[in-house]
Amino acid sequence: MSTTDYGRDHDHPHDPHDDGHAPAARPSRLAALAGLLRRKPRETPIVPRSSISATALTAVVAIMTFLASLTTGAVVLVKGAASDWQADVSREVTIQVRPMAGRDLEVDVVRAVEIARAAPGVTAVRAQDKAESARLLEPWLGSGLSLDSLPVPRLIVVETASGRPPDLAALKARLAAEVAGATLDDHRGFTRRLRAMADTVVAIGLAILALVTAATVLSVAFATRGAMATNRPTVEVLHFIGAKDAYVAGQFMRHFLFLGLQGGAIGGGAAVLLFLVLGLIGGRLFGLGGADAAAMFGGLSLGVGGYLVLLVQVVLVGIVTAFTSRRVVAATLRQVR
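Calculation notes
Starting from 1, residues in each chain are numbered consecutively following that chain's sequence as written. Totals for whole chains, interfaces and linings use every residue, but because this is a predicted model, local features are given only for residues with pLDDT of at least 70 and side-chain atom pairs only at 80 or more, for both listing and counting. Calculated side-chain values reflect all of the structure's heavy atoms, with hydrogen atoms and water omitted. Using only the protein atoms, space was sampled on a 1 Å grid; points where a 1.4 Å probe fits but cannot get out form cavities, open sets with protein on both sides within 12 Å along at least five of seven lines form pockets, and lining residues are those with an atom within 4 Å of a point. Grid points are joined across faces, edges and corners, and a volume is the space filled by probe spheres set on the points. A run of H or I in DSSP becomes a helix once it reaches four residues, and a run of E becomes a strand once it reaches two; helices and strands are each numbered from the N terminus. Lys, Arg, Asp and Glu make up the charged group, whereas Ala, Val, Leu, Ile, Met, Phe, Trp, Tyr, Cys and Pro make up the nonpolar group; the residues left over, Gly among them, are polar. Strand pairing is assigned whenever DSSP detects at least two bridges linking the two strands. Note on definitions: angles span 0 to 180 degrees between N-to-C directions of axes, and those axes are lines fitted to C-alpha atoms, for helices only across the stretch in contact. Only heavy atoms enter the contact rule, under which two residues are in contact if any of them lie within 4.5 Å. Take the buried residues of types Ala, Val, Leu, Ile, Met, Phe, Trp, Tyr and Cys, join any two whose side-chain atoms come within 4.5 Å, and each joined set is a nonpolar core. Buried means the residue's accessible area, taken with a 1.4 Å probe over protein chains only, is under 20% of the maximum for its type, while exposed means over 50%, and partly exposed covers the values in between. We call two directions roughly parallel when the angle between them is under 35 degrees, roughly antiparallel when it is over 145, roughly perpendicular when it lies between 65 and 115, and oblique otherwise. By the definition used in this description, the sense in which the near helix is turned from the far one sets the handedness, with an anticlockwise turn below a right angle giving left-handed and a clockwise turn giving right-handed. Helices are assigned an expected span. That span is 1.5 Å times one less than the residue count.

*Asks:* Is there a simple way to think about the layout of surface pockets in this case?
*Replies:* If a probe as big as a water molecule is rolled over the atoms, it shows which places are left empty. Of the voids in this model, the largest pocket is the one considered here, and its volume is about 350 Å³. In terms of lining, the largest pocket is formed by Val89, Glu92, Thr94, Arg126, Gln128, Glu132, Leu136, Leu155, Val157, Glu159 and His187. Here the lining of the largest pocket gets three residues from one element, more than from any other, and that element is strand β3 (residues 154–160). Residue composition of the lining of the largest pocket, by class: four nonpolar, three polar and four charged.

*Asks:* What is the right way to look at the sheet that holds strand β2 (residues 122–127) in this model?
*Replies:* In any sheet, the strands associate via hydrogen bonds between backbone groups, in a parallel or an antiparallel arrangement. The strand order across the open sheet built from four strands is β2-β3-β1-β4, with neighbouring strands paired in antiparallel fashion. Here the strands that pair on one side only, and so sit at the sheet edges, are β2 and β4 (182–185). On average, adjacent strands in this sheet sit at an angle of 20° to one another, irrespective of strand direction. The pairing of strand β1 (residues 92–97) with β3 spans six bridges and is antiparallel. Bridge assignment links Val97 to a residue of β3, and that residue is Arg154. Sitting on the sheet, helix α6 (residues 168–178) touches β1 and β4, and the angle it makes with β4 is about 165°.

*Asks:* Could you clarify how one ought to interpret the pairing of β1 in this entry?
*Replies:* In summary, the side chains of a regular strand alternate between the two faces of the sheet. Two elements, β1 and β4, share four bridges in a ladder whose sense is antiparallel. Considered in β4, the bridge of Val97 is made with Ala182.

*Asks:* Any chance you could explain the nonpolar core here in plain terms?
*Replies:* Nonpolar side chains in soluble globular proteins tend to end up buried together. In this structure, Ile95, Val97, Ile156, Val158 and Leu175 are the most contacted members of the largest nonpolar core, which totals 20 residues. Listed by contribution, the elements that provide at least two residues to this core are β1, α4 (105–118), β2, β3, α6 and β4. For this core, the element with the most residues is α4, which contributes six residues. Met228, Val248, Phe252 and Leu259 belong to the second-largest nonpolar core, a separate cluster that totals 16 residues.

*Asks:* It is not clear to me how the packing of α4 against α6 should be interpreted in this structure. Could you clarify?
*Replies:* A pair of packed helices is captured by two measures, namely the crossing angle of their axes and the spacing between those axes. The contact between α4 and α6 brings their axes to 10 Å, and the two run at 155°. In terms of orientation, α4 lies roughly antiparallel with respect to α6. You can see that α4 and α6 cross each other, and the crossing is right-handed. Contacts between α4 and α6 involve Arg111, Ala112, Ile115, Ala116 and Ala118 on the former and, on the latter, Leu171, Arg174, Leu175 and Glu178. Its residues assigned to classes, the contact of α4 with α6 comprises six nonpolar, no polar and three charged.

*Asks:* Looking at this structure, how should I read helix α7 (residues 188–230)?
*Replies:* In an α-helix, one full turn covers 3.6 residues, which means residues spaced three or four apart are oriented alike. Between its terminal C-alpha atoms α7 stretches 63 Å, which fits the 63 Å expected from 43 residues at 1.5 Å a residue. Of all the residues in α7, the buried ones are Thr191, Leu194, Ala198, Gly205, Val212, Thr216, Val220, Ala221, Thr224, Ala227 and Met228.

*Asks:* Please explain the packing of helix α3 (residues 52–90) against α7 as it appears in this structure.
*Replies:* At a minimum axis distance of 9 Å, the contact between α3 and α7 shows a crossing angle of 170°. In this view, α3 runs roughly antiparallel relative to α7, as classed from their interaxial angle. As α3 runs across α7, the sense of the crossing is left-handed.

So, to be careful, I would describe these as geometric facts and stop short of saying anything about function.
This is how it looks when you write it as structure tokens:
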């Protein structure tokens, strides 16, 4: 055996299983990458979760969710307070007895109370005295003012049954016939204005929510396009080894769903905390007492239903974020084919 043969034999030792044919080709790098993706799909996400763009998008979603939650909470407060006011006003009517020359005001008040109590559907009647009338005029005339020389009318509060209200037209006609200077106010005009105000607030709140949602969708769309541009080589390799568009879109959707829920939880949690603080000290912030704040805003508390609405809103933010990302990815993949 020659030296050349010896070197050849040592460089390529004889394989007992060698049949003389060429050795099998080694697996390519793409095949190895495909095997890695098949073995560990969750450990190698297409879009990294920790990045500057992901942090920025989380902050944007948190801010948008906070603004949306504030708007929703304000709408819930106003709607609830308006409903309570309407319910209270609809159960009460007011009789006003003005002082007339040559007539005894106290006698007229007693007669008006008797007529109101005799009407069907009336549950309670209470006439206000001079001290209560003076307290009602204190914000405009000040305290310590004698009202004896002023023609201040006397008010009679009439509570009606909710299921069987009285015939207000008949009651008004009898009061006008038997008590001079007596008028009946059923607060219908105030109820209409209150309902119009509540509907206006709800419409403004819905418009603000629509704008916030649009801004969130645009932010997610831009962030998705940026993430696809950054990870374009990875997406091309996945397409080359046979990955479907649905798989790629699902990867992006899960990534942005996580970011949306995270940002929504931060913004929604901050709004819930703010409403809890307002519920405790809201009356002092607006210069109102506890009773006044409760009468105007229902104690500035959203209640269980209001907080559930905010929780559902956080979930909807995550769903909108994920759905927007999936649509943008699908549309982009169709364009690059």
